[in-house]
Amino acid sequence: MVNSPPPAPTLRVPFCQPDYGTEERTAFEEAITGGRLEGGGVQTRACETLMEQSTGAERVLITPSCTAALEMMALALELGPGDEVIVPAFTFVSTANAFALRGAVPVFADIDPLTMNLDVEAARAAITPKTRAIMLVHYAGVGCEMEAFVDLCAEHNLVLLEDAAQAVGAHWNGKALGSFGAMGAFSFHHTKNITCGEGGALLVNDPALVKPAEFIRDKGTDRADFLRGQVSKYEWRVLGSSYLLSELAAAVLLGQFQREETLTKARMRIWQTYDEHFGPVNSLRTPQIPGAAHHNAHIYHLRFANQALRDACAAFMRAHGVMTAPHYVPLHTTPAGRKYGRASGQLPHTIDAAQTLLRLPLFSAMSDEELVLVIDTLEAFLHQNGLATS
Amino acid sequence: MNIDRRTLALMLLSGLLGLVFLWLPLSVLVNLNRGLDVSDTGHYYASLYHFADIRMMSTQFPLVWKLIPHPDNILVNRLLVFALLMGSSAALFLLAAKAVLRETLLPILKWLLACAGAGGGALYYYYWLPDPSYNAIGVILMALVLGATFALTTIENQHGWPFRGAAMLAGFAGLGLAATRPVTAMAMALICAILYLMLARFSWQKLVQLILFVVLGAALFFVLVQVFIEPLPVTLERIQGGLQKREILGTNQLVAKGFTLLQKEITIIRQTAPWALLLTSLGGAFSAPGVADRFANAPWLRLGGAAMGAIGLIWIQMIFWQQSQALVQVPLDKLAYYLINLGLMAILCGVFAGALAPNKDTRRLYWRLAGVSALLVLATLSLTVFGTGYWIRKAGITSVFVVLACTLMALHMARSTGYIWALAMVSALILPIMATRTTMVNHPYRLETPLAAQTQKTSIRGGYSTLRLDPLTKAFFDRLSDAADQMGPMDQRPILIDLSGRLPMAQYHMQARPAFTPWILSAYKGSDAFLAHVMAQMSDEELARAWILDAPAYKHRLDPAPIEARGHDLARDYRIVTTAMAPYIKTDIVVLAPQPKGAE
């Protein structure tokens, strides 16, 4: 008799789940009815207008992904071999990959252990004569120390860039994240607060970069000028690619934007409920929100004393049908990270975050029953391991 | 006054019913600051506030509106229009009922009629936002003319001031209507003449008095306009320019489409419905209270009549539903057809029932009811055929209130025998009213998003008005505001030429001057020719200073050839002041300003 493996526990609470409503369906229907599904159409322009309105950006370009938006940044700045860009080591691969693709070197710097954002002093220490830009990542939709980074970039004549992939709707001192630097990139991937499956946006805040960015998105041509009646025919102007999102996806995105307030409110309720329960637990490190930050409840994360506890918790939760997730593998430790980039120092906080951080399920459509299940299961784990002291 | 419990309950129910009818106007009132139509409404406001600059208008509604002191605030204007719509409509309902029933109305019936009338007026919101347009002003004036006519039919003493006052009001509002909607005014004059002959006790002396004071009322309007607004030659010049504009532009395809549908509908009624109508009418006649009194020994006659009526009704519903399904695709239009037909059926039933009535008084009553119903349906159609392809839907919805008015009168007539049943019929109308309100909130006319999504506070025309609009439209207006700031001092603002041909509100919002016409309409056969005509009126200096709103990717964009022919190249000689997504036309627009002299 062959022993069969034990059955996988039933998944009762997924880690994330998009929330699509009537608005998305209506916009989708309109896009189909309109008949023009190529990028840059009505739905795309509507999304761009709403983002321009909410962020105050000079120009917003909707892209097929945040990765594409980051690549456009590198192209617009004409980065290449011999250039360096400082990035946090605790981030998604696209942040560094975009620059490595152009031949520039991503320099990995350490993070602030409280916010998991790039540390100002670590960034300062990573600056060399080759440094062209600093790329900030607003982890969990919580803003970096913006005034300090603006000053640092001004002091060293560097371009400030923002990877605001997780930061849609988030602010720092009342100003939208993504709108501080010369350019900002947003993600509308499946896991994000606002999603259309795959999608992104490039915020162009520096007026001088608007035209280059438009050229790059349209295969390197001045087609946007042509559509505005500024040139009689369009032609190849710079290096570019096809960075346009399909109108079908843009339609879904538009619906999501129309419901942004509702979606964020629902996430915030869950985030706050988690924080009420786990914020006071001494054995856990929970999100710390600086006074100037207005976050968007993108992630609620816990940090355990060590990796073993974190992994045990994840396994316990999974066994009870609750999906949780750690986060990034430090980029400077990855094969490509070592090949195309370099680390600035030892980066202990990055290593620690990667080993101890666990994200809890958080999505706007989460029911009260699901929320209670997550909390009860986690509390059970904490009790079992003698961690539930506050 | 002895009131038994049953009467008290009925009064209470009727009072509550009145409140339900008021629900519609009240919900309109709380939403009055939401939404702004960028096309037609822009045309109206540009016409009002740049009246002196405009020389091409066939309809002179600003002459009427300018007699009422009004501020430069969209919300206040809306409140004024809405109050006048509701007031005139409620008065019309009351006066019509009094003219038909010829007796003192019970207070509760007056309340119900006034509420239903106000509700009818409020329906205009569904048809259009209550801005001072030629449509809104036209409807108010029509209600006044019609109301005055109803009043005239009930006043016996032609030498008293009530008669003279009503006649003067008819004349005053009639000339206003002629300035606002000339063709409608002619139709309304005909309707009122028929109405007067049908309902009034005719005498030549009375007719002479009537004509005299109607002319006096019209003369008063004329004098007021001459003194306070402008001299006649200027108006005539403007009308001449407007007629020329219409000639150049050609036919509006939407209206033509609407008439084709009406024609089809009448054909189908003629071919399929007469027998069903006859059956229903016969049934209605045999089961009428008067018949029952006359043939007290033959209860089968009443029962048989009721059965016939019921079969006929079901038959008619089936025919009408099928025909509306076949004619139009939009669900709401199907409902509209159905309701119009219901109104027509009420008229025909009234005629047949009157013909079969057992005594003279009952016959007169039925025929009056049929006559008034016919006139109200005619009026409804007249007021809804206002140059829009949406008229069928609106006519149908408004017909709800036509039917309601008829039902209320029937209720009054039948109160001795079937008050509760009549009240139940009225109660059934709550459903369409609620449906109308819901539709209105979700699909406001000419707005891209439901009222619930019109939430963003938006400053219009440099802060004269603050409205709540949807985020995309707000972004559009904000961009235009930024551009307007660069236009220079208010009294020296240039002309704005709108090549999209769909956004006259941009010109009003930016406080730019219009190019002799409040709106250079695109998508008409002669649109490009009309632009050339407008350009021909413009001096070289005016054209050199003019700003341009262009929508290069818009399918109905006006051809800028007449501008280029005067030596102005859009790509070379202008700079982009701003770009914006215009949600109404679903494309990007660019606002262009002339390059400063000497610029490359």
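Residues numbered from 1 in each chain as written. Chains lettered and ligands numbered in written order. Predicted model: local features only at pLDDT ≥ 70, side-chain atom pairs only at ≥ 80, totals over all residues. Heavy atoms only, no water.

> Hey, could you go over the overall build of chain A for me, with residue numbers and the actual values?
Check the secondary structure of chain A and you find 14 helices and 13 strands. When each of the 390 residues of chain A is scored for burial, the buried share is 57%. Taking the intrachain contacts of chain A between residues at least 6 apart in sequence as the baseline, contacts between residues at least 24 apart amount to 70%. Summing over all exposed atoms, chain A offers an accessible surface of approximately 16,100 Å²; the carbon and sulfur share of this is 54%. (Helix = DSSP H or I, 4+ residues; strand = E, 2+ residues; numbered from the N terminus. Buried < 20%, exposed > 50% of the residue type's maximum accessible area, 1.4 Å probe, protein only. Contact = heavy atoms within 4.5 Å. Areas by Shrake-Rupley, 256 points an atom, 1.4 Å probe, with all protein chains shown as cover.)

> Quick one: what's the story with empty space enclosed by the protein, residue by residue and with numbers?
Residue and element names in this part refer to chain B. All chains considered together, the criterion is met by eight cavities of 30 Å³ or more. The calculated volume of the second largest cavity comes to roughly 120 Å³. Leu-36, Val-38, Glu-448, Thr-473 and Tyr-584 are, among the 15 residues lining the second largest cavity, the residues nearest its centre. Looking at side-chain class alone, the lining of the second largest cavity contains nine nonpolar, three polar and three charged residues. Two domains each provide a minimum of three residues to the lining of the second largest cavity, namely domain 1 (1-243) and domain 3 (470-594). (1 Å grid on protein atoms, 1.4 Å probe; cavity = no way out; pocket = protein on both sides within 12 Å on 5 of 7 lines; lining within 4 Å. Points joined across faces, edges and corners; volume = space filled by probe spheres on them. Nonpolar A, V, L, I, M, F, W, Y, C, P; charged D, E, K, R; others polar. Domains from an automatic or database assignment.)

> Could you give an account of the interface of chain A and chain B, naming the residues involved and the relevant values?
Contacts between the two partners involve 12 residues from chain A and, on the opposite side, 16 residues from chain B. Summed over both partners, the interface of chain A with chain B comes to about 1,200 Å²; 63% of that surface belongs to carbon and sulfur atoms. Contact with chain B buries surface across chain A, with Arg-45, Gln-53 and Arg-228 of chain A losing the most and accounting together for 38% of the total. Inspection of the region where chain A meets chain B yields two salt bridges. Between Arg-479 of chain B and Glu-52 of chain A there is a salt bridge, and its shortest N-O distance comes to 2.8 Å. Across the chain A-chain B interface, the total number found is three residue pairs in polar contact (both at pLDDT 80 or more). Residue contributions to the side of chain A that touches chain B peak at seven residues, all from helix H2 (residues 42-55) of chain A. (Buried area = accessible area lost by both parts, 1.4 Å probe. Salt bridge = Lys/Arg side-chain N within 4 Å of Asp/Glu carboxyl O. Polar contact = N/O pair within 3.5 Å; in protein donor to acceptor, adjacent residues only side chain to side chain.)

> Can you lay out the pattern of salt bridges for me, pointing to particular residues and giving the numbers?
A side chain with one charge may pair with a side chain of the opposite charge, provided their charged atoms come close. Counting across every chain of the model gives 34 salt bridges over all chains. In this structure, Arg-342 of chain A and Glu-84 of chain A form a salt bridge, with 3.1 Å as the shortest nitrogen-oxygen distance. Residue Arg-342 of chain A is found in strand E12 (residues 342-343), and its partner Glu-84 of chain A is found in strand E2 (residues 84-88); the two are separated by 258 residues along the sequence. Look at Arg-342 of chain A and you get partly exposed, because its relative accessible area is 33%. Glu-84 of chain A sits in the buried class, given a relative accessible area of 8%. The salt bridge involving Arg-228 of chain A is made with Glu-214 of chain A; its shortest N-O contact spans 2.7 Å. Taken together, the positions of Arg-228 of chain A in the loop between helix H8 (223-227) and helix H9 (247-258) and Glu-214 of chain A in helix H7 (residues 210-217) put the pair 14 residues apart, joining distant regions of the chain. A residue is classified by how much of its surface remains accessible, and Arg-228 of chain A, at 15% relative accessible area, is buried. Residue classification places Glu-214 of chain A among the buried positions, given a relative accessible area of 4%. When salt bridges with common partners are traced through the structure, they connect Arg-45, Glu-48, Glu-52, Arg-59, Lys-211, Glu-214, Arg-217, Asp-225 and Arg-228 of chain A together with Arg-479 and Asp-588 of chain B into a single cluster.

> Outline the packing of aromatic side chains, supporting the account with residue identities and numerical values.
If you walk through the whole model with that rule in mind, you get 20 aromatic pairs over all chains. Measuring from ring centre to ring centre gives 5.4 Å for Phe-90 of chain A and Tyr-139 of chain A, while their planes differ by 55°; the resulting arrangement is tilted. Note that Phe-90 of chain A is positioned in the loop between E2 and helix H4 (93-101) and Tyr-139 of chain A in the loop between strand E4 (131-137) and helix H6 (146-156), a separation of 49 residues in sequence. Grouping residues by exposure puts Phe-90 of chain A and Tyr-139 of chain A together as buried. Considering the side-chain rings of Tyr-44 of chain B and Tyr-134 of chain B, the 5.1 Å spacing of their centres and the 85° angle between planes classify their relative orientation as edge-to-face. (Phe/Tyr/Trp six-rings, centres within 6.5 Å; stacked < 30°, edge-to-face > 60°.)

> Any chance you could break down helix H3 (residues 66-76) of chain A for me, citing the residues and the numbers?
All names here are of chain A. Of all 11 residues that make up H3, 10 are buried, and the element is covered over most of its length. Within H3, the full set of buried residues consists of Cys-66, Ala-68, Ala-69, Leu-70, Glu-71, Met-72, Met-73, Ala-74, Leu-75 and Ala-76. Its side-chain oxygen 3.4 Å from the backbone nitrogen of Thr-67, Ser-65 forms the N-cap of H3. Taken from the residues just after H3, Glu-78 is the one with a positive phi, measuring 50°.

> Please give an account of the pairing of strand E5 (residues 574-582) of chain B that cites residues and values.
Residues and elements named next belong to chain B. Inspection of the sheet shows E5 paired to strand E6 (residues 587-594) by eight bridges, in the antiparallel sense. Across the sheet, the residue bridging to Tyr-574 is Pro-594, located in E6. Between E5 and E6, which pair antiparallel one after the other, the connecting turn spans four residues, and Lys-586 there sits at a positive phi close to 55°. (Pairing = 2+ DSSP bridges.)

> Can you tell me about the environment of Gly-143 of chain A, naming the residues and giving the values?
Residue and element names in this part refer to chain A. Relative to the assigned elements, Gly-143 resides in the loop between E4 and H6. With relative accessibility at 3%, the residue Gly-143 sits in the buried group. With 35 residues separating them in the primary sequence, Gly-143 and Gly-178 have C-alpha atoms 9.4 Å apart. If we skip the residues at most four places from it in the chain, Gly-143 touches Asn-117, His-138, Trp-172, Leu-177 and Ala-293.

> So what's going on with the nonpolar core? Which residues, and what values?
Within soluble globular proteins, side chains that are nonpolar generally end up buried alongside one another. Counting residues in hydrophobic clusters, the biggest one holds 69 residues, and the most contacted among them are Phe-476, Leu-503, Met-510 and Ile-589 of chain B. Two domains each put at least three residues into this core: domain 1 (1-243) and domain 3 (470-594) of chain B. Within the second largest apolar cluster, 49 residues are counted, among which are Met-51, Ala-123, Ile-134 and Leu-245 of chain A. (Core = buried A, V, L, I, M, F, W, Y, C linked by side-chain atoms within 4.5 Å.)

> Can you tell me about the pairing of strand E2 (residues 465-469) of chain B, naming the residues and giving the values?
Of the two faces of E2 of chain B, only the one carrying Ser-465, Leu-467 and Leu-469 of chain B is buried; Thr-466 and Arg-468 of chain B on the other face are not. Once strand E1 (residues 456-460) of chain B ends, the chain turns through four residues before running back antiparallel as E2 of chain B, passing Arg-461 of chain B with a positive phi of about 55°.

> So what's going on with the sheet that holds E5 of chain B? Which residues, and what values?
Spatially, E3-E4-E6-E5 (chain B) is the arrangement adopted by the four strands of the open sheet, whose pairing is mixed. For this open sheet the edge positions go to strand E3 (496-498) and E5 of chain B, each flanked by a neighbour on one side alone. For this sheet, the mean inter-axis angle between neighbouring strands, taken without regard to orientation, is 20°. Judged from the three bridges that link them, strand E4 (residues 547-550) of chain B and E6 of chain B form a sheet pairing that is antiparallel. In the sheet register, Ile-548 of chain B faces E6 of chain B, and the bridge partner there is Leu-592 of chain B. Sheet contacts for H2 of chain A: E5 and E6 of chain B; angle to E5 of chain B, the most-contacted strand, approximately 100°. (Axes fitted to C-alpha atoms, helices over the stretch in contact; angles between N-to-C directions.)

> If you had to explain the confidence of the model for chain B to someone new, which residues and values would you point to?
Residues and elements named next belong to chain B. In the predicted model, chain B carries a mean pLDDT of 79, and 68% of its residues have values of at least 70. Contacts of residues 254-259 to residues separated by more than four positions or lying in other chains number six contacts, the stretch itself having pLDDT below 50. Across residues 383-392, where pLDDT falls below 50, the model places 32 contacts with residues more than four positions away in sequence or in other chains. (pLDDT = per-residue confidence, 0-100.)

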